[in-house]
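So the chains spell out like this:
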Amino acid sequence: MAFLQFRHWCGSAAPRTFDSRTFSDKAHRSTFCTVLSLTLGLLLTPQVHAEITIDGVLDEPEWRDALVLEQFVTTEPLTSQPAKYATQVRVITDDEGIYIGFSNYQPPEARRVHRRFRRDASIEADRNVVGIDFEHTGLAGYDFTVGSANSKQDGIMTAGGWSADWDGTWYSQTSANEDYWYSEIYIPWTVAPISRSKGDQKTIGLWFSRVVYAESLRFAYPNASFARPTFIQDWHSLEIGKIEASTLDWFPYLSYTNEMEEGDDEWKVGLDMVWRPDASTQLTGALNPDFGQVESDDLVVNFSAFETFRSEKRPFFTENQAMFTSLVPNGDRVVHTRRVGAGSDAGDEGITGIDAAAKFTHFGKSLDYGVFAVTEDDTALSRGRDFVSTRIQHNNAGLTLGHRLTYVDRPTLNRTAMVNALDVDWQPGAMRVSGQLLASDIEQRANSINGQTSLDQQDYAGWVSWAYSPSDEWSHKLDLTHYGNEFDMNDMGFMLRNDQTMLVGEERYHTLEYPEDSTILTSYWNVDYAYEENTEGDRLALWGKLTRNWVFKSSRKVDLDVNYQSAGWDDRITRGNGLYALPVQYSGTARYAGARDGKFTYSATAFTETSGTEEPSYGVIIEPKLYVTETLTLSSRVLYQNFKEWLLWDFRTEQLAAFESDRYVLDLEMDWYPSARQEVRVKFQWVAVSADAVTGYDLDERGNPIASDTPVSDFSLSDTALQIRYRYELAPLSDIYLVYSRGGFFSSNDTDNGPGDLLQEGWREKRVETIVAKIRYRF
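Residues numbered from 1 in each chain as written. Predicted model: local features only at pLDDT ≥ 70, side-chain atom pairs only at ≥ 80, totals over all residues. Heavy atoms only, no water.

Asker: Requested: an account of the overall build of the chain, with residues and values cited.
Answerer: A count of helical and extended segments in the chain gives four helices and 42 strands. For 779 residues, the compact-globule estimate of 2.2 N^0.38 gives 28 Å, and the chain sits close to it at 28 Å. The burial tally for the chain puts 50% of its 779 residues in the buried class. Here the contacts in the chain between residues at least 6 apart in sequence split such that 60% fall between residues at least 24 apart. About 35,300 Å² of surface is accessible on the chain, with carbon and sulfur atoms providing 54% of the total. Computing the positive centroid from 73 side-chain charges and the negative centroid from 115, the chain places the two 6 Å apart. (Helix = DSSP H or I, 4+ residues; strand = E, 2+ residues; numbered from the N terminus. Rg over C-alpha atoms; globule rule 2.2 N^0.38 Å. Buried < 20%, exposed > 50% of the residue type's maximum accessible area, 1.4 Å probe, protein only. Contact = heavy atoms within 4.5 Å. Areas by Shrake-Rupley, 256 points an atom, 1.4 Å probe, with all protein chains shown as cover. Lys, Arg positive; Asp, Glu negative; His and termini not counted. Charge placed at Lys NZ, Arg CZ, Asp CG, Glu CD.)

The following block contains the structure:
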């Protein structure tokens with residue numbers, strides 16, 4: 001619409017008079033319109049690469065001579081039967097990149113789900129997926145997913161899972177007719193580091209899949225599945241020519257922030273740089289970067305002794321980050337980039353600025369290495385921290401050996417922290433064995449900021465994981481993890497706790513095929529079990545979980561699970577004030593998800609669980625979603641949970657306390673895409689708790705709770721957050737953002753307020769209100 005208005009203004013219908021300060025004569029207006037039209041034309045026309053225009057129409061002569069792959073089979077459910085709907089992929093490679101064209105047969109009687117989603121959101125629609133293993137090692141592949149409405153998502157696939165912590169520059173477009181829909185994709189070789197080939201040829205691995213969303217079906221070529229340890233090893237091999245690509249990209253940015261509540265504003269300008277001297281090497285640098293997020297975190301009210309994990313959304317830490325990603329089977333991370341730019345060590349409010357940041361990676365034929373470094377700016381009360389991480393790994397015939405180092409200097413705390421890690425990953429056929437040995441070294445000199453605490457501690461941790469899938473129906477997994485009681489990697493990593501040894505197992509059985517007249521498409525049984533103790537030998541947990549899942553041919557889903565945990569010890573809930581004798585704990589969940597192809601979809605969940613005592617809580621979750629049009633979606637999530645005895649640590653009285661509580665969660669979202677390049681998102685969240693004190697508890701010599709004479713106060717709280725975000729994509733990785741954010745928080749010792757009053761109070765007690773404008777452009 002804006003472009004049409006511009007054309008109208010610059011054309012014959014333009015007004016004859018203008019403000020004397022701007023475009024006061026026809027010549028000036030003509031010059032301005034010519035320059036602006038050329039600029040908009042470059043930004044708004046389809047991307048052209050070599051002789052192929054990425055417009056979703058496979059009509060160029062080059063496609064007639066392309067490599068054709070069409071032997072797709074069904075991999076969800078994993079029957080390996082020929083695909084229900086014909087799918088054809090055409091592949092072209094040249095010195096600059098790879099072109100992929102999908103032709104997806106889907107006649108009118110086959111329900112199409114054509115919806116648009118924001119970049120990197122889960123694409124709940126028909127979609128095509130391209131997987132590329134640039135090194136053909138079978139260890140990891142890059143995922144490029146395109147929805148039928150040209151929604152885009154990318155990430156990194158491994159035999160152990162999928163990570164969204166990577167973004168690349170690539171191009172796509174889609175089109176459709178009565179019987180087919182098409183996707184056209186161009187992926188430049190510079191999208192990711194690629195090792196140099198010794199000769200004139202290089203081998204890569206390719207995997208293509210197609211999801212028919214309304215029928216819960218996935219077709220793939222070749223026959224490779226996420227469910228198999230050999231997933232990436234099974235990809236199609238393709239010989240390509242020698243890659244000699246090189247690029248130099250500059251990303252200047254300008255941002256303006258207005259803290260409306262404080263009356264402060266700030267202008268920032270900075271520069272990011274990405275240099276790829278060849279396909280195997282990349283240097284990324286940033287001067288005075290703006291690492292503030294334009295996408296807000298979800299609200300969380302956490303009363304536990306464990307930190308809440310928050311995923312990374314900042315581009316610098318998601319682009320070309322694969323080498324520095326290190327996951328532990330229990331969910332911990334050796335490198336957690338949200339530590340960088342977090343609140344200062346002196347407790348200043350808000351985030352910490354960044355002076356400079358750099359990443360260097362090199363991928364060789366069998367040896368890869370990289371370094372990642374960030375130095376923070378000083379704040380009024382605190383000196384900035386320095387972060388360094390290095391990685392080196394050797395790959396050979398399915399065996400990877402590597403070393404990882406992290407180092408953090410925290411001058412305000414007089415603290416340095418270093419972690420060294422040696423790791424191995426071996427994939428012999430249907431089995432995968434991986435492990436890691438870690439050592440932490442913490443040194444801290446006492447000062448007033450760190451509470452006069454001196455530290456000189458070294459300790460070890462390690463884990464080993466075994467996975468085996470003897471068939472498509474059966475899979476087995478075992479993880480053994482040990483953390484010493486002084487092991488600590490939280491300065492740059494993420495670790496829920498130390499001082500533990502844990503064995504976790506998983507057994508799964510899939511039923512892949514049902515009779516033709518059955519309403520069930522596929523189902524599985526899953527059994528999880530675990531044993532956990534601390535380094536003193538106190539049993540923390542012994543539990544088992546049984547899950548039953550059905551997927552119906554109508555795309556409806558039903559999930560049931562029950563969990564039982566024997567009595568044990570909780571050594572964290574008292575915050576170091578003794579062991580609590582945790583009674584038997586249990587939980588159960590039932591979830592139903594309706595058919596997912598209509599304009600209105602929903603899921604409903606009912607659950608019960610104990611929360612530190614023998615008294616169960618009960619709750620429900622309702623998640624409706626309305627697809628008003630293909631480009632406008634309204635969604636929400638409503639949770640209510642009632643506790644009879646919610647056991648928490650009361651910091652005011654320094655004792656355990658039980659509360660009869662109500663918990664409320666409300667999420668409201670609107671996603672609107674006025675055009676292929678524009679995105680409007682409105683997100684509102686509310687979390688509230690109303691808790692009436694039951695009693696306080698002391699612990700006897702056996703760790704059992706006994707009623708305390710110290711009174712405990714009731715409490716209620718309400719937390720609200722609103723974000724309105726407009727994004728205009730000038731080009732891949734080039735965007736304009738306008739963001740309005742507002743947050744409120746209310747707390748009280750009064751629990752007479754109902755949910756409506758809590759919502760009003762949480763909105764009324766405004767704590768933060770900001771407007772952010774930002775432009776980042778790739779040259």
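Asker: Could you give me a rundown of the environment of alanine 149, with the residues and numbers involved?
Answerer: Inspection of the secondary structure assignment puts alanine 149 in the loop between strand S8 (140-147) and strand S9 (152-158). In this structure alanine 149 touches His114, Arg115, Arg116 and Thr174, once residues within four positions along its chain are discounted.

Asker: I'd like a description of the packing of aromatic side chains, backed by residues and values.
Answerer: Here the distance between the centres and the angle between the planes together describe a pair of aromatic rings. One pass over the full model with this rule turns up 35 aromatic pairs. Both rings, one in tyrosine 256 and one in tryptophan 267, keep their centres 4.7 Å apart while their planes meet at 45°; by these two values the pair is tilted. Placement of the pair is tyrosine 256 in strand S16 (residues 247-259) and tryptophan 267 in strand S17 (residues 264-278), with a sequence separation of eleven residues. Looking at tryptophan 267, the relative accessible area reads 61%, which means it is exposed. Put simply, the rings of Phe303, Phe643, Trp646, Phe659 and Phe715 touch in pairs and so form one group of aromatic residues. Of note, arginine 115 hangs over the ring of tyrosine 627, and the distance from its end group to the ring centre comes to 3.5 Å. In this arrangement the basic side chain of arginine 742 is found over the ring face of tryptophan 763, its NZ or CZ atom lying 3.7 Å from the centre. (Phe/Tyr/Trp six-rings, centres within 6.5 Å; stacked < 30°, edge-to-face > 60°. Lys NZ or Arg CZ within 6 Å of the ring centre and 35° of its normal.)

Asker: Give a detailed account of the environment of serine 747, specifying residues and quantitative values.
Answerer: Examined against the element boundaries, serine 747 turns out to sit in strand S41 (residues 734-748). Serine 747 gets classed as partly exposed once you look at its relative accessible area, which sits at 47%. Distance in space between the C-alpha atoms of serine 747 and glutamate 765 is 9.5 Å, their sequence separation being 18 residues.

Asker: Tell me about the sheet that holds strand S11 (residues 171-176), and please be specific about residues and values.
Answerer: Two modes of strand pairing occur in sheets, parallel and antiparallel, and in both the strands are linked by backbone hydrogen bonds. What the five strands build is an open sheet, ordered S3-S5-S6-S12-S11; its pairing is antiparallel. Each edge of the open sheet is held by one strand with a lone partner, namely strand S3 (67-69) and S11. Strand-to-strand, the axes of this sheet are offset by a mean angle of 15°, without reference to chain direction. (Pairing = 2+ DSSP bridges. Axes fitted to C-alpha atoms, helices over the stretch in contact; angles between N-to-C directions.)

Asker: Run through the side chain of aspartate 143, naming residues and quoting values.
Answerer: As for its position among the elements, aspartate 143 is in strand S8. Although buried, aspartate 143 forms no salt bridge, and the nearest oppositely charged side chain, arginine 218, lies 7.4 Å from it. Ignoring any residue separated from it by four or fewer positions in sequence, one finds aspartate 143 in contact with Val129, Val130, Gln153, Asp154, Gly155, Met157, Trp162 and Trp166. (Salt bridge = Lys/Arg side-chain N within 4 Å of Asp/Glu carboxyl O.)

Asker: Tell me about empty space enclosed by the protein, residues and numbers included.
Answerer: Where empty space is left in the structure can be found by rolling a water-sized probe over the atoms. Taken as a whole and judged by the stated rule, the model has five cavities of 30 Å³ or more. Of the voids in this model, the second largest cavity is the one considered here, and its volume is about 160 Å³. Val274, Arg276, Gln282, Glu319 and Leu733 are the residues nearest the centre of the second largest cavity, which is lined by 18 residues in total. Mapped onto the lining of the second largest cavity, the elements with two or more residues apiece are S16, S17 and strand S18 (281-287). The residue inventory of the lining of the second largest cavity, partitioned by class, reads seven nonpolar, five polar and six charged. (1 Å grid on protein atoms, 1.4 Å probe; cavity = no way out; pocket = protein on both sides within 12 Å on 5 of 7 lines; lining within 4 Å. Points joined across faces, edges and corners; volume = space filled by probe spheres on them. Nonpolar A, V, L, I, M, F, W, Y, C, P; charged D, E, K, R; others polar.)

Asker: Provide a residue-level description of the pairing of strand S14 (residues 217-221), including the pertinent values.
Answerer: Burial of S14 is extensive: five of the five residues sit out of reach of the surface. What you see with S14 is no split at all: Leu217, Phe219 and Tyr221 on one side and Arg218 and Ala220 on the other are buried throughout. Relative to S14, strand S4 (residues 73-76) runs antiparallel, the two sharing three bridges. Bridging from a neighbouring strand, valine 73 pairs with alanine 220 of S14.

Asker: Please provide a residue-by-residue account of the pattern of salt bridges, values included.
Answerer: Under the criterion given, the structure shown has 33 salt bridges. Here lysine 625 ties to glutamate 124 by a salt bridge, and the two come within 3.1 Å at their closest N and O atoms. Here lysine 625, found in strand S35 (residues 616-629), pairs with glutamate 124, found in the loop between strand S6 (97-105) and strand S7 (127-133); they are 501 residues apart in sequence, far enough to count as distant. Between arginine 497 and aspartate 571 there is a salt bridge, with its nearest N and O atoms 2.9 Å apart. On the criterion of sequence distance, the pair formed by arginine 497 in the loop between strand S26 (474-483) and strand S27 (500-511) and aspartate 571 in the loop between strand S31 (568-570) and strand S32 (580-582) is long-range, its members being 74 residues apart. One salt-bridge network, in which partners are shared between bridges, spans Asp345, Glu376, Arg385, Arg410, Arg415, Asp488 and Asp491.

Asker: With reference to specific residues and values, describe a nonpolar patch on the surface.
Answerer: On the surface, Val464, Leu478, Leu480, Leu503, Tyr531 and Leu542 cluster together into a nonpolar patch covering about 440 Å² of accessible area. Residue placement: valine 464 occurs in strand S25 (residues 455-468). Residue class for valine 464 comes out partly exposed when judged on its relative accessible area of 38%. (Patch = residues over 30% accessible without salt bridge, like charges linked within 9 Å, V, L, I, M, F, W, Y side chains within 5 Å.)

Asker: Lay out the pairing of strand S33 (residues 585-593) in plain terms, naming residues and giving numbers.
Answerer: Each regular strand displays side chains that alternate between the two surfaces of the sheet. Where strand S30 (residues 557-565) and S33 come together, nine bridges link them in antiparallel fashion. Bridge pairing in S33 links valine 558 to tyrosine 592. With seven bridges connecting them, S33 and strand S34 (residues 600-610) associate as antiparallel partners. Considered in S34, the bridge of tyrosine 592 is made with alanine 604. A loop of six residues connects S33 with S34, the two strands running antiparallel in sequence.

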